[in-house]
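Each chain is listed here by its residues.
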Amino acid sequence: MKLFITIPSPYARKCRIVAREKGLADRVEEVVVDLYGAAPELTALNPIDQVPSLIAEDGLPLNDSPVICEYLDAIGAGPRLLPESGPERLAVKRIETLGNAALEMGVKWVLEKRRPEGERSQAWMDRWANRMGRCLNALEAADLSAQRLDMGVITAGCAVTWIGFRHPEFDWRAGRPGLVALQAALEARPSFADTRPDA
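Below, the structure is looked at part by part. Keep in mind that what you see is a predicted model, and the values were worked out from it rather than measured.

What counts, and at which threshold
Residues numbered from 1 in each chain as written. Predicted model: local features only at pLDDT ≥ 70, side-chain atom pairs only at ≥ 80, totals over all residues. Heavy atoms only, no water. Salt bridge = Lys/Arg side-chain N within 4 Å of Asp/Glu carboxyl O. Helix = DSSP H or I, 4+ residues; strand = E, 2+ residues; numbered from the N terminus. Buried < 20%, exposed > 50% of the residue type's maximum accessible area, 1.4 Å probe, protein only. Phe/Tyr/Trp six-rings, centres within 6.5 Å; stacked < 30°, edge-to-face > 60°. Lys NZ or Arg CZ within 6 Å of the ring centre and 35° of its normal. Pairing = 2+ DSSP bridges. Axes fitted to C-alpha atoms, helices over the stretch in contact; angles between N-to-C directions. Parallel < 35°, antiparallel > 145°, perpendicular 65-115°, else oblique. Left-handed = near helix turned anticlockwise from the far one by under 90°. Contact = heavy atoms within 4.5 Å. Nonpolar A, V, L, I, M, F, W, Y, C, P; charged D, E, K, R; others polar. 1 Å grid on protein atoms, 1.4 Å probe; cavity = no way out; pocket = protein on both sides within 12 Å on 5 of 7 lines; lining within 4 Å. Points joined across faces, edges and corners; volume = space filled by probe spheres on them.

1. Some words on the pattern of salt bridges
Here is step 1: Throughout the structure, instances matching the rule amount to 17 salt bridges.
Here is step 2: One salt bridge in this structure joins Arg 27 and Glu 57, with 2.5 Å as the shortest N-O distance. Here Glu 57 lies in the loop between strand S3 (53-55) and strand S4 (61-63) and Arg 27 lies in the loop between helix H1 (10-21) and strand S2 (29-32), a separation of 30 residues in the sequence.
Here is step 3: Here Arg 80 makes a salt bridge to Asp 73, at a shortest N to O gap of 3.3 Å.
Here is step 4: Classification of Arg 80 as partly exposed rests on a relative accessible area of 32%.
Here is step 5: Exposure remark for Asp 73: the relative accessible area of 0% places this residue in the buried category.

Now the structure itself:
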């Protein structure tokens, strides 16, 4: 299998963590691509040139981190990170969605900050930051624990680390001791330590 990534991408990081947690690291070749340069192999796999993208074992192209993570979870070893059905699955998907939403707001904020200074909208940046903070508050209220590793917990951990990396001016730790403790515990795991966005 081939997993197309950029090192800072939190979405690619989730897939890389799942591959390690599920004992698949030796079966997944990580291919670092330059999204601002020519990447014909990625374009053939994903028409919008986004990471992560995976060539599965049967050659099927898979895009979007929740899809890739679910596939890796299903073929890997050990307990499922995403329950197959029922209320347990819905509970994990709810947390995963909140983490992804925080990341989406953070990405929009990054893109706005990258515009030329005279073209940036402070109102939009404030909106993205406010919504990102609300997502983090909902994750804090969920009382997550690294002892119950699942796709929701992994996504929440990736989100707070990436937000601290890309938005150092945003104090995500303030008033969120649960997320602070979660991040510290997760980042001590080999799968997280091996995939930090600032590596």
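On we go from here.
2. Remarks on unusual backbone geometry
Here is step 1: The linkage connecting Val 51 with the following residue, Pro 52, adopts the cis geometry, with an omega of 0°.
Here is step 2: Examined against the element boundaries, Pro 52 turns out to sit in the loop between helix H2 (40-45) and S3.
Here is step 3: One non-glycine residue, Asp 143, lies in the positive phi region at around 55°.
Here is step 4: With respect to the helices, strands and loops of the structure, Asp 143 is situated in the loop between helix H5 (122-141) and helix H6 (151-166).
Here is step 5: Exposure remark for Asp 143: the relative accessible area of 59% places this residue in the exposed category.

3. As for the packing of aromatic side chains
Here is step 1: Taken as a whole and judged by the stated rule, the model has two aromatic pairs.
Here is step 2: Relative to Phe 170, the ring of Trp 109 lies with its centre 6.1 Å away and its plane at 85°, an arrangement referred to as edge-to-face. Residue Trp 109 is found in helix H4 (residues 86-114), and its partner Phe 170 is found in the loop between H6 and helix H7 (177-187); the two are separated by 61 residues along the sequence.
Here is step 3: For the cation-ring pair, Lys 113 lies above Trp 109, with the distance from its terminal atom to the ring centre recorded as 5.0 Å.
Here is step 4: The residue whose ring lies beneath Arg 127 is Trp 124, and the NZ or CZ to ring-centre distance is 4.5 Å.

4. Side note on the sheet that holds S2
Here is step 1: Ordered in space as S2-S1-S3-S4, the four strands form an open sheet in which the pairing is mixed. Unpaired on one side and paired on the other, S2 and S4 mark the two borders of the sheet. When the angles between neighbouring strand axes are averaged without regard to direction, this sheet yields 20°.
Here is step 2: The sheet contact formed by strand S1 (residues 2-5) and S3 spans three bridges and is antiparallel. By the bridge assignment for S3, Leu 3 is matched with Leu 54.

5. Overview of the packing of H4 against H5
Here is step 1: With their axes 9 Å apart at the nearest point, H4 and H5 run at an angle of 160° to one another. Comparing the axis directions of H4 and H5 gives the class roughly antiparallel. Like other packed secondary-structure pairs, H4 and H5 cross with a definite hand, here left-handed. Along the contact surface, H4 presents Ile 95, Leu 98, Gly 99, Ala 101, Ala 102, Met 105, Gly 106, Lys 108, Trp 109, Glu 112 and Lys 113, while H5 presents Met 125, Trp 128, Ala 129, Arg 131, Met 132, Cys 135, Leu 136, Ala 138 and Leu 139.
Here is step 2: Taken together, the residues of the contact of H4 with H5 sort by class into 14 nonpolar, two polar and four charged.

6. A closer look at the pairing of S2
Here is step 1: When S1 meets S2, the two strands line up parallel, connected through four bridges. When the bridges of S2 are listed, Phe 4 appears paired with Val 31.

7. Some thoughts on the environment of Trp 109
Here is step 1: Using a relative accessible area of 8% as the deciding quantity, one classes Trp 109 as buried.
Here is step 2: If we skip the residues at most four places from it in the chain, Trp 109 touches Met 125, Trp 128, Ala 129, Met 132, His 167, Glu 169 and Phe 170.

8. Some points on the layout of surface pockets
Over the atoms, a rolled probe matching the size of one water molecule traces out where space is still vacant.
Here is step 1: Counted as a void, the largest pocket has a volume near 830 Å³.
Here is step 2: Secondary structure elements with two or more residues in the lining of the largest pocket: H1, helix H3 (65-75), H4 and H6.
Here is step 3: Take the lining of the largest pocket: its biggest share by element is seven residues, from H4.

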